[in-house]
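Chain and residue survey
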Amino acid sequence: GRNSAIRKRLVEGAGAIAEAARQIALVSDVPMRNARRPLFLAEARAAAHYWQAFASLVPPSFGFTRRHHREANDVVNKALNYGYALLLSRVWLAVHRSGLEPTLGLLHTGRRRSAGLVFDLMEPFRQPVVDKAVLGLIGRGAKLELKEKQDLTLRTRALLQQAIGRRLGPARKGTAPGLLHDIQRETLGFRQ
């Protein structure tokens, strides 16, 4: 049935992503100018498999068939875009607090006035912070909606803010540090 097809797609996707990670690991001790292209190609292959697997976890009623960035029309892509904007602001703040220059990225370079370092540092947190929050809301049956002009409703934005906030850090004093702590640690570690 549907569950076995989803399971198969997830297993295939995980295998393809593991192969891309193996290819990325082979790119070592190479100057960054020579490494960027093979790294981006391997990352693009892994991303294609990741988003196919992600789409298999989203019920068809949401209209999510593939990842769209700017031209998104469905609520899932819009929720992801909104979540990434929230994450971007948190990482940008961590970069600012650490005194690093946000435009000096390693992989995300070449665009004038682009926050390359912010995008570099944001990458490892996209999935555990935003993607899991969006899938979690979908899985719990949260009502994610768009307004008439295809923008997220205020209620949907609030749900996303709460879900992402829970993933970023502890809600109560005395609990273990959350992913926001990890973002700050990675940013400060970049200074060394």
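These lines cover the structure that appears in this document, whether it is placed above or below. Each chain has its residues counted from 1, following the order in which its sequence is written. The predicted nature of this model means local features are confined to residues of pLDDT at least 70 and side-chain atom pairs, given and counted, to a pLDDT of 80 or more, with totals for whole chains, interfaces and linings taken over all residues. Side-chain calculation: all heavy atoms of the structure are included, whereas hydrogens and water are not.

So, about the environment of proline 102. Relative to the helices and strands, proline 102 resides in the loop between α3 (75-98) and α4 (116-139). Buried means the residue's accessible area, taken with a 1.4 Å probe over protein chains only, is under 20% of the maximum for its type, while exposed means over 50%, and partly exposed covers the values in between. On the accessibility criterion, proline 102 (16% relative accessible area) is buried. The spacing of proline 102 and leucine 26 is 76 residues in sequence and 28 Å in space, taken between C-alpha atoms. Look past the residues within four positions of proline 102 in its chain and what remains in contact with it is Trp92, Val95, Ser114, Ala115, Gly116, Leu117 and Val118. To qualify as a helix, a DSSP run of H or I must reach at least 4 residues; to qualify as a strand, a run of E must reach at least 2; elements of each kind are numbered from the N terminus. Working rule for contacts: check all heavy atoms of both residues, and any pair within 4.5 Å makes them a contact.

Core analysis: the biggest nonpolar cluster contains 39 residues, and Val76 and Leu80 have the highest contact counts within it. When residues of this core are traced back to their parent elements, those giving at least two are α2 (32-57), α3, α4, α5 (154-168) and α6 (179-190). In terms of residues, this core owes the most to one element, α4, which gives eleven residues. Dropping the residues within four chain positions of it, valine 76 is found in contact with Phe54, Val58, Phe62, Phe64, Val134 and Ile138. What is meant by a nonpolar core is a set of buried Ala, Val, Leu, Ile, Met, Phe, Trp, Tyr and Cys residues, joined one to another through side-chain atoms within 4.5 Å.

Remark: α4 packs on α5, axes separated minimally by 9 Å, with the N-to-C direction vectors making an angle of 130 degrees. Relative to α5, α4 is oriented oblique. Crossing geometry of α4 relative to α5 is assigned as right-handed. The residues of α5 that touch α4, namely those facing Pro128, Val129, Val130, Lys132, Ala133, Val134 and Leu137, are Leu159, Leu160, Ala163, Ile164, Arg167 and Leu168. When the residues that make up the contact of α4 with α5 are grouped by side-chain class, the tally is eleven nonpolar, no polar and two charged. Note on geometry: axes are C-alpha line fits, over the in-contact stretch for helices, and angles between N-to-C directions span 0 to 180 degrees. Relative orientations are named as follows: roughly parallel for angles under 35 degrees, roughly antiparallel for angles over 145 degrees, roughly perpendicular for angles from 65 to 115 degrees, and oblique for any other angle. Crossing handedness is defined as follows: a turn of the near helix away from the far one that is anticlockwise and smaller than a right angle gives a left-handed crossing, while the clockwise case is right-handed. Each residue is assigned to one class: nonpolar for Ala, Val, Leu, Ile, Met, Phe, Trp, Tyr, Cys and Pro, charged for Asp, Glu, Lys and Arg, and polar for all the others, Gly among them.

Where empty space is left becomes clear once a probe the size of a water molecule has been rolled over the atoms. In this model, the largest pocket occupies a volume close to 1,500 Å³. Using protein atoms alone on a 1 Å grid, points that fit a 1.4 Å probe yet trap it form a cavity, whereas open point sets bounded by protein on both sides within 12 Å along at least five of seven lines form a pocket; residues with an atom within 4 Å of a point count as lining. Along the wall of the largest pocket there are 36 residues; nearest its centre are Glu43, His69, His108, Glu123 and Arg126. Secondary-structure elements contributing two or more residues to the lining of the largest pocket are α1 (2-26), α2, α3 and α4. No other element matches α2, which puts nine residues into the lining of the largest pocket. Looking at the lining of the largest pocket residue by residue, the class counts come to 20 nonpolar, six polar and ten charged. Grid points are joined across faces, edges and corners, and a volume is the space filled by probe spheres set on the points.

Another point: α4. Take the residue count of a helix, subtract one, and multiply by 1.5 Å to get its expected span. An ideal rise of 1.5 Å per residue puts 34 Å on 24 residues; α4 measures up with 33 Å between its terminal C-alpha atoms. Bending is quantified residue by residue as the angle between axes fitted to the seven-residue window ending at that residue and the seven-residue window starting at it. Along α4, the sharpest kink reaches roughly 60 degrees, centred on phenylalanine 125 and followed within four residues by the proline proline 128. A positive backbone phi angle near 80 degrees is found at glycine 141, which sits one or two residues after α4.

Right, let's get into the pattern of salt bridges. Any two side chains of opposite charge can pair, given that their charged atoms come close. Salt bridges, as used here, are contacts in which a Lys or Arg side-chain nitrogen is within 4 Å of a carboxyl oxygen on Asp or Glu. Following the criterion strictly, the structure yields five salt bridges and no others. Close ionic contact of arginine 126 with glutamate 123 constitutes a salt bridge, the shortest N to O distance being 3.2 Å. Of this pair, arginine 126 and glutamate 123 are both found in helix α4, three residues apart, which corresponds to roughly one turn of the helix.

This next bit is on the environment of tyrosine 50. Among the structural elements, tyrosine 50 can be located in helix α2. For the pair tyrosine 50 and glutamine 150, spaced 100 residues apart in sequence, the C-alpha separation works out to 25 Å. Those residues in contact with tyrosine 50 that sit more than four places away from it in its chain are Ile17, Gln127 and Asp131.

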